[in-house]
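Geometric and topological summary
Listed below, chain by chain, are the residues.
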Amino acid sequence: SQQGEEDPQALSIQEGENATMNCSYKTSINNLQWYRQNSGRGLVHLILIRSNEREKHSGRLRVTLDTSKKSSSLLITASRAADTASYFCATDLAGGYQKVTFGTGTKLQVIP
Amino acid sequence: EPEVTQTPSHQVTQMGQEVILRCVPISNHLYFYWYRQILGQKVEFLVSFYNNEISEKSEIFDDQFSVERPDGSNFTLKIRSTKLEDSAMYFCASSLTGGGEKLFFGSGTQLSVL
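From a predicted model like this one, the values you see are computed outputs, not experimental measurements. (Residues numbered from 1 in each chain as written. Chains lettered and ligands numbered in written order. Predicted model: local features only at pLDDT ≥ 70, side-chain atom pairs only at ≥ 80, totals over all residues. Heavy atoms only, no water.)

Attention now moves to the overall build of chain B. Assigned secondary structure in chain B consists of zero helices and eleven strands. The order of α-helices and β-strands along chain B, N terminus first, is β-β-β-β-β-β-β-β-β-β-β. For 114 residues, the compact-globule formula gives about 13 Å, and the C-alpha radius of gyration of chain B, at 13 Å, lands near that figure. Counting every position in chain B, which comprises 114 residues, the buried fraction comes to 48%. In chain B, the share of contacts with a sequence separation of at least 24, taken over all contacts with a separation of at least 6, comes to 53%. For chain B, the computed accessible surface area is about 5600 Å², with 47% contributed by carbon and sulfur atoms. (Helix = DSSP H or I, 4+ residues; strand = E, 2+ residues; numbered from the N terminus. Rg over C-alpha atoms; globule rule 2.2 N^0.38 Å. Buried < 20%, exposed > 50% of the residue type's maximum accessible area, 1.4 Å probe, protein only. Contact = heavy atoms within 4.5 Å. Areas by Shrake-Rupley, 256 points an atom, 1.4 Å probe, with all protein chains shown as cover.)

A tally of helices and strands in chain A yields zero helices and eleven strands. Helices (α) and strands (β) of chain A occur, in sequence order from the N terminus, as β-β-β-β-β-β-β-β-β-β-β. Looking at chain A residue by residue over its 112 residues, the buried ones come to 46%. The contacts of chain A with a sequence gap of at least 6 include a subset with a gap of at least 24, amounting to 57%. Of the roughly 5200 Å² of accessible surface on chain A, 46% is carried by carbon and sulfur atoms.

Let us now look at the sheet that holds strand β1 (residues 5-7) of chain B. Within a sheet, each strand pairs with its neighbour through backbone hydrogen bonds, oriented either parallel or antiparallel. All names here are of chain B. The four strands are arranged β1-β3-β8-β7 in an open sheet whose pairing can be described as antiparallel. Looking at strand neighbours, the two that pair on one side only are β1 and β7 (65-68), the edges of this open sheet. Each neighbouring strand pair of the sheet contributes to a mean axis angle of 20°, computed without reference to strand direction. With three bridges joining them, β1 and strand β3 (residues 19-24) adopt antiparallel strand pairing. Residue pairing in the sheet places Gln 6 in a bridge with Cys 23 of β3. (Pairing = 2+ DSSP bridges. Axes fitted to C-alpha atoms, helices over the stretch in contact; angles between N-to-C directions.)

What follows deals with unusual backbone geometry. The omega angle of the peptide bond from Asp7(A) to Pro8(A) is 0°, so this bond is cis rather than trans. Take Pro8(A): it is sitting in the loop between β1 (5-7) and β2 (10-14). In this chain, Thr7(B) is followed by Pro8(B) through a cis amide linkage whose omega measures -10°. Inspection of the secondary structure assignment puts Pro8(B) in the loop between β1 and β2 (10-13).

Residues and elements named next belong to chain B. Tracing the backbone through its elements, the reader meets Gln 64 in the loop between β6 (53-57) and β7. With 46 residues separating them along the chain, Gln 64 and Glu 18 place their C-alpha atoms 9.3 Å apart. Among the polar contacts listed, one links the side chain of Gln 64 to the backbone nitrogen of Ser 81, at a separation of 3.1 Å. (Polar contact = N/O pair within 3.5 Å; in protein donor to acceptor, adjacent residues only side chain to side chain.)

Take the sheet that holds strand β8 (residues 71-76) of chain A next. All names here are of chain A. Strand order in the open sheet formed by five strands is β1-β3-β8-β7-β6, and the pairing between neighbours is antiparallel. If you trace the sheet from one side to the other, it starts and ends with β1 and β6 (55-58), each paired once. When strand polarity is set aside, the average angle formed by the axes of neighbouring strands in this sheet is 15°. Note: strand β3 (residues 19-24) against β8, six bridges, orientation antiparallel. Note that in β8 the partner of Thr 20 across the bridge is Leu 75.

Time to look at the environment of Thr67(A). All names here are of chain A. Inspection of the secondary structure assignment puts Thr 67 in the loop between β7 (61-66) and β8. Residue Thr 67 is classed as partly exposed on the basis of its relative accessible area of 28%. In sequence terms Thr 67 and His 57 are ten residues apart; their C-alpha atoms lie 18 Å from each other. What Thr 67 contacts, discounting residues up to four positions off in sequence, is Tyr 25, Ser 51 and Arg 54.

On to the state of the cysteines. All names here are of chain A. Tallying each qualifying case throughout the model produces two disulfides over all chains. The disulfide partner of Cys 23 is Cys 89, and the gap between their sulfur atoms is 2.0 Å. Between Cys 23 and Cys 89, the S-S dihedral sits near 65°, and the bridge is therefore right-handed. Taken together, the residues Cys 23 in strand β3 and Cys 89 in strand β9 (residues 85-92) connect sequence positions 66 residues apart. Look at Cys 89 and you get buried, because its relative accessible area is 1%. (Disulfide = S-S within 2.5 Å.)

None of the figures reported here should be taken as evidence of function without further support.
Laid out in structure tokens, this is it:
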């Protein structure tokens, strides 16, 4: 299975701290994406990083990708209570496939 | 911003009954997907659909499942004979270009099979 595994499964931090979530996957990919899900609602796309990129920023988000280790990390800086949600990495399979597979998710709680 | 719309938000059905979950993808998108999520668990791929045919499906998507794009705007998931284990949140998603690019998700249909 290509499915990603996020680490940690759950993370609890104080508002203002940084949160780091990691994702590992098993097969070669074209792109890796991160999504956010608020309590049972739909997933919202946060950021996409391509296999030939190593780092990407978007606002308070920083994503890194290490294809040699088949891993990615998502850093949320200066966290806010509103960042409380589950975060999922998602990968596709290199070779033009349509299937995007989601990882197991990290549940982030930001305490005000 | 354009949205993916799913109806109904909740569906309760008896085991063995057929259900149809409906989705209106973003209008200029070409790739459509169904995912499901059992309470608090991982988001599982069911099927992808492009150019009026299934492009990929998972082992979950057996003969009890089917998808259809009956007109230019709707995308439906049918479960022919529901089982208790089909109870889950079902998400529709669409993408402009497919191929592992950004997915836009609907807010889901919570299916409860009794």
